[in-house]
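# Overview (structure and organization)
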Amino acid sequence: MAVNLDNLWMPFTANKQFKASPRLFVSAKDMHYTTDDGRQVLDGTAGLWCVNAGHGRAPIVSAICEMAQTLDYAPMFQMGHPKVFEAASKLAAITPEGMDKVFFTNSGSEAVDSALKMVLTYHRAKGEGQRTKFIGRERGYHGVGFGGISVGGIGGNRKHFSANLMPGVDHLPHTLSYEHAAFSRGEPEWGAHLADNLENLIALHDASTIAGVIVEPLAGSTGVLIPPKGYLKRLRELCDKHGLLLIFDEVITGFGRLGTPFAAQYFDVTPDLMTLAKGLNNAAVPMGAVVCKNEIYDTVVNAVPANAIEFFHGYTYSGHPLAAAAACATLDVYRDEQLFERAASLSAHFENEIHKLKDAPHVKDIRNLGLVGGVELNPRDGAIGARAYEAFLHCFYESGVMVRYTGDILAFSPPLIVSEAQITEIFAAVGKALRAVA
Ligand code: PXG
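What comes next is a walk through the structure.

### What to know about the nonpolar core
- In terms of nonpolar packing, the biggest core is built from 97 residues, with Leu91 and Phe412 touching the most fellow members.
- Among the elements that take part in this core, helix α13 (residues 321–336) stands out by supplying 11 residues, more than any other.
- Counting residues in each nonpolar core, the second largest holds 20 residues, with Met118, Leu245, Ile296 and Phe311 among its members.

### Examining the site of the ligand
- Around the ligand sit 15 residues in total, of which Gly108, Ser109, Ser221, Asp249 and Arg404 are the nearest.
- Tryptophan 49 places a side-chain nitrogen or oxygen 2.9 Å from an oxygen atom of the ligand.
- Here a nitrogen atom of the ligand sits 3.5 Å away from a polar atom, N or O, in the main chain of tyrosine 141.
- Contact with the protein chains removes 85% of the 540 Å² of surface that the ligand exposes when unbound.
- When residues of the shell around the ligand are traced back to their parent elements, those giving at least two are α2 (46–49) and α5 (108–125).
- Taken together, the residues of the shell around the ligand sort by class into 5 nonpolar, 6 polar and 4 charged.

### Brief notes about the sheet that holds strand β4 (residues 101–105)
- If you walk across this open sheet you meet the 7 strands as β4-β10-β9-β8-β7-β5-β6, and the pairing is mixed. Each end of this open sheet is capped by a strand with a single partner; those strands are β4 and β6 (169–172). Between one strand and the next, the sheet's axes are offset by a mean angle of 20°, whatever the strand orientation.
- Direction of pairing for β4 relative to strand β10 (residues 288–292): antiparallel, over a ladder of 5 bridges. Bridged to valine 102 within β10 is valine 291.
- With respect to the sheet, helix α4 (residues 82–92) is in contact with β4, β9 (273–276) and β10, its orientation differing from that of β4 by roughly 125°.

### Thoughts on the side chain of arginine 23
- Relative to the elements of secondary structure, arginine 23 occurs in the loop between α1 (15–20) and β1 (25–29).
- One buried charged residue, arginine 23, forms no salt bridge at all, with the nearest opposite charge on aspartate 36 at 9.9 Å.

### What to know about the packing of aromatic side chains
- Overall, the coordinates contain 15 aromatic pairs when judged by the stated rule.
- When the ring of tyrosine 266 is compared with that of phenylalanine 267, the centres are 5.0 Å apart and the planes differ by 80°; the resulting orientation is edge-to-face.
- By relative accessible area, which is 9% here, phenylalanine 267 ends up buried.
- When the centroid spacing of 5.0 Å and the interplanar angle of 40° are considered together, the rings of tyrosine 334 and phenylalanine 340 count as tilted. For the residue pair tyrosine 334 and phenylalanine 340, the accessibility class agrees, reading buried in each case.
- Joined through ring pairs, the aromatic side chains of Phe25, Tyr33, Phe396 and Tyr397 make up one cluster.
- The aromatic ring of tyrosine 178 is capped on one face by lysine 364, whose charged end is 4.1 Å from the ring centroid.

### Regarding the state of the cysteines
- Scanning the entire structure with this criterion turns up 0 disulfides.
- We note that cysteine 65 lacks a disulfide partner, and the nearest cysteine sulfur, in cysteine 328, lies 16 Å from it.
- According to the relative accessible area criterion, cysteine 65 is partly exposed, its value standing at 43%.
- Free cysteine: cysteine 239, not disulfide-bonded; nearest cysteine sulfur from cysteine 292 at 16 Å.

### Quick notes on the environment of valine 375
- As for its position among the elements, valine 375 is in strand β12 (residues 372–377).
- When the C-alpha positions of valine 375 and isoleucine 309 are compared, they lie 48 Å apart, and in sequence the two are 66 residues distant.
- Apart from residues no more than four positions distant in its own chain, valine 375 is found in contact with Ile354, Leu357, Val363, Asp365, Ile366, Asp408, Ile409, Leu410 and Phe412.

Here is what the cut-offs are and how they apply
- Residues numbered from 1 in each chain as written.
- Predicted model: local features only at pLDDT ≥ 70, side-chain atom pairs only at ≥ 80, totals over all residues.
- Heavy atoms only, no water.
- Core = buried A, V, L, I, M, F, W, Y, C linked by side-chain atoms within 4.5 Å.
- Buried < 20%, exposed > 50% of the residue type's maximum accessible area, 1.4 Å probe, protein only.
- Helix = DSSP H or I, 4+ residues; strand = E, 2+ residues; numbered from the N terminus.
- Near = heavy atom within 4 Å.
- Polar contact = N/O pair within 3.5 Å; in protein donor to acceptor, adjacent residues only side chain to side chain.
- Areas by Shrake-Rupley, 256 points an atom, 1.4 Å probe, with all protein chains shown as cover.
- Nonpolar A, V, L, I, M, F, W, Y, C, P; charged D, E, K, R; others polar.
- Pairing = 2+ DSSP bridges.
- Axes fitted to C-alpha atoms, helices over the stretch in contact; angles between N-to-C directions.
- Contact = heavy atoms within 4.5 Å.
- Lys, Arg positive; Asp, Glu negative; His and termini not counted.
- Salt bridge = Lys/Arg side-chain N within 4 Å of Asp/Glu carboxyl O.
- Phe/Tyr/Trp six-rings, centres within 6.5 Å; stacked < 30°, edge-to-face > 60°.
- Lys NZ or Arg CZ within 6 Å of the ring centre and 35° of its normal.
- Disulfide = S-S within 2.5 Å.

In structure tokens, the structure reads:
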């Protein structure tokens, strides 16, 4: 297929390297992509952690087509359309109790920035406008908006913009320890005490100046860091003690990745707000959301007269009809096919297969929970990331399996419709790749 690659500036991609030997997908169905040269590739990562129901699902496709023919677009500022209210209700039906209010965005990055603004607006509405600071965490990924990279903790995403980050942000330490928790199966036993670092930051800044804390319950992008047992509960207790709102960024962990609707339910810790995207509508149309506790919505909405706008924030495409239709159909597929329960029942096999790589060459650590896993490799001398990149290429070209890599970590997050045999196939391909790369 002759495609002119010159004009497109690709996101988070080594453009020159990619354009020298491009990899193009032309279609996708269920667990597989088809490449432009007609090869089938097993999707070990649900696209970018987002196609949880599998590709090209008929009910989702027809919901989008039908909506495109019926209502192409409707403004959401001082207007509305029925489907977006239905999408919010269907979403609220699976969120933790008392978190029934939904604000739609078009991406996870926008969800994060919206959540940060919501937190500031809430404190002001309560007469605590001096609470303006945020606490994030080292190695956290919260998208690429200026708010998101400020609370985020990935150096590479921040360094070119370091003089322009949001003021008043501090970070907790990350939770990874090779010394105490390497090759843990599921949640590491070691590390709950790391949450107590929040007390130190509170002592430094004073609780009265801090608006909220944002963490990924399980950190995905940075290379799959599983929270230590008891860590999130401890964070919740400290936030309660000091009046800080707790945001769980569930852009990756939402919609069944851990075998429950959200990580909040898996860990039995209810945050004050959750940021969502990706699996929300199977990534079929761009969409994100913030879900918040009813008390947050009520406080903000009741703080001003009935004819006043309460929250000065929103997007042209908030609650777009096509995205809303895709969300309703996707949430029905999750329910009808019991895909979250399916993910839970596959997680033991996933864990066994990924940990079989322990003795493969170059393996430094293996981490897993639910249907998410990471295999960290020892970096090659002087060439960080090169080994994982070559393993990724080997999986793709030699085994027809797509995995994800970041630095020297390989990451796995297949659609929840994956079969046991396909899980075995993914990790067998990785084992073969690790034996092949230098
Ligand atoms: N929060 C979290 C926790 C994320 O994982 C975002 C926010 C931002 O979402 P948007 O829709 O703005 O991209 C994300 C996105 C990867 C990878 O392979 C991860 C993401 C996006 C692209 C690639 O690690 N996470």
